[in-house]
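Architecture and fold: a report
The lines below spell out each chain.
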Amino acid sequence: MKEMVKINILIFLVGIFSISCEKEATKPDLNNVKKREFISSFETVDDFANFYITPQGHKGTTYHELSDSIVYSGTYSHKAWITGPNSPSTLLINNNHRGYPTIQLQNTLKGTFTTPCYITLWVWLDMELQENTSGGDDDWFSFATFTDAETDNWDRTVLVNLNHRGFVHLGHVPNQGEQSYIFQTTNLIFPQKEWVKLKIYLDFRDNGYAKVWQNGQLVSYANLHNIDNKLSQIHFGMYAPPQIANGVIYNDELKITEVDGE
């Protein structure tokens, strides 16, 4: 009888050990969780299904399409162009040129991305930017706009812009409406009428920062404050002030990737 009890106890202990090992084996490996990506080579408009796309002929001066005229890879790139100036903007009306698909990550199956993120994009620009000598704003061009907002009110944004001097720089850093940098190039000119690779690092966490590289060389680096750690909406393509009368931008090979850090 005692022997039978010992055997039953042994079987019971072996069972517990087996269940414990099985549970241990099924625990997720947090180090191997697949990071999320959004990738588009602008081969089809279906890449932007369920996202807002600016209307064709915005304010009668800005147009965009998938085009095979100038392409970095594949058959198509995203082309956007300006055919004339818009009326000046006012406090209530923004008359900037807009021609782009908006990537609304909150509308995807798993929702917004969590930063840090790397963004890479190939761009081809032909646009003359000039200094304003009459007291108004100088010309600029915006390659990319990022926001944590999930609504139409993009109150907090981070931009990657080109100024009239030809330098790529971050916008709204470290806070909205500010322009203060840890590093900003003053000698590496952005080459127009050729394909250029822009690489952007965004970290919206506490004590976060952003960096931009142009063809592998750091051109802008700044701290980021007062932004939630979620990359919700982005747009690339045509975004320029109303006084610009002509110009064209091509985008190709876009990739947005969640990462653990720089």
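These numbers come from a predicted model, not from an experiment.

1. Comments concerning the overall build of the protein
If you tally the helices and strands in the protein, you get one helix and 16 strands. When burial is assessed residue by residue, the protein has 47% of its 262 residues classed as buried. In the protein, the share of contacts with a sequence separation of at least 24, taken over all contacts with a separation of at least 6, comes to 67%. Element-wise, carbon and sulfur atoms account for 51% of the exposed surface of the protein, whose accessible area totals about 14100 Å².

2. A closer look at the sheet that holds strand β5 (residues 102-104)
Pairing is antiparallel across the open sheet formed by five strands, whose spatial order is β5-β14-β7-β8-β9. The open sheet terminates on both sides in strands that have one partner only, identified here as β5 and β9 (168-171). When the angles between neighbouring strand axes are averaged without regard to direction, this sheet yields 20°.

3. What about the nonpolar core?
In this structure, I103, F141, F143, F146 and L231 are the most contacted members of the largest nonpolar core, which totals 47 residues. Broken down by element, the residue count for this core peaks at five residues, all from strand β6 (residues 117-126). Each residue touching F143, except ones within four places of it in the same chain, is listed here: V123, L125, V160, N161, L162, V168, F190, L198, H235, F236, G237 and I249.

4. Topic: the packing of aromatic side chains
Under the defined criterion, the tally for this structure stands at 15 aromatic pairs. Between F42 and F48, the aromatic rings sit 5.7 Å apart at their centres with planes inclined by 20°, giving stacked as the arrangement. Here F42 and F48 have matching classes, each one buried. When the centroid spacing of 6.0 Å and the interplanar angle of 85° are considered together, the rings of F146 and F236 count as edge-to-face. Residue F146 is found in strand β7 (residues 140-147), and its partner F236 is found in strand β14 (residues 233-236); the two are separated by 90 residues along the sequence. Judged on exposure class, the residue F146 and its partner F236 are both buried. Of the aromatic side chains, those joined through ring pairs into one cluster are Y118, Y201, Y209, W213 and Y221. For the cation-ring pair, K79 lies above W81, with the distance from its terminal atom to the ring centre recorded as 4.8 Å. The positively charged end of K199 is found above the aromatic ring belonging to W213, 5.6 Å away from the centroid.

5. Looking at unusual backbone geometry
The omega torsion of the bond from T115 to P116 falls at 15°, within 30 degrees of zero and hence cis. Checked against the element boundaries, P116 lands in the loop between β5 and β6. That bond from V173 to P174 is cis: its omega, -5°, falls within 30 degrees of zero. At N215, a position not held by glycine, the phi torsion is positive, near 50°. Tracing the sequence through the fold places N215 in the loop between β12 (208-214) and β13 (217-224). Residue class for N215 comes out partly exposed when judged on its relative accessible area of 40%.

6. Here we look at the side chain of T102
Following the sequence through the fold, T102 ends up in strand β5. T102 has contacts with F51, Y52, W154, Q233, I234 and H235, leaving out every residue within four places of it along the chain.

7. A few points about the confidence of the model for the protein
Counting all residues, the mean pLDDT for the protein is 90, and 87% of those residues have values of 70 or more. Below a pLDDT of 50 lies the segment residues 4-26, which in the model reaches zero contacts outside its immediate sequence neighbourhood of four places, other chains included.

What counts and how
Residues numbered from 1 in each chain as written. Predicted model: local features only at pLDDT ≥ 70, side-chain atom pairs only at ≥ 80, totals over all residues. Heavy atoms only, no water. Helix = DSSP H or I, 4+ residues; strand = E, 2+ residues; numbered from the N terminus. Buried < 20%, exposed > 50% of the residue type's maximum accessible area, 1.4 Å probe, protein only. Contact = heavy atoms within 4.5 Å. Areas by Shrake-Rupley, 256 points an atom, 1.4 Å probe, with all protein chains shown as cover. Pairing = 2+ DSSP bridges. Axes fitted to C-alpha atoms, helices over the stretch in contact; angles between N-to-C directions. Core = buried A, V, L, I, M, F, W, Y, C linked by side-chain atoms within 4.5 Å. Phe/Tyr/Trp six-rings, centres within 6.5 Å; stacked < 30°, edge-to-face > 60°. Lys NZ or Arg CZ within 6 Å of the ring centre and 35° of its normal. pLDDT = per-residue confidence, 0-100.

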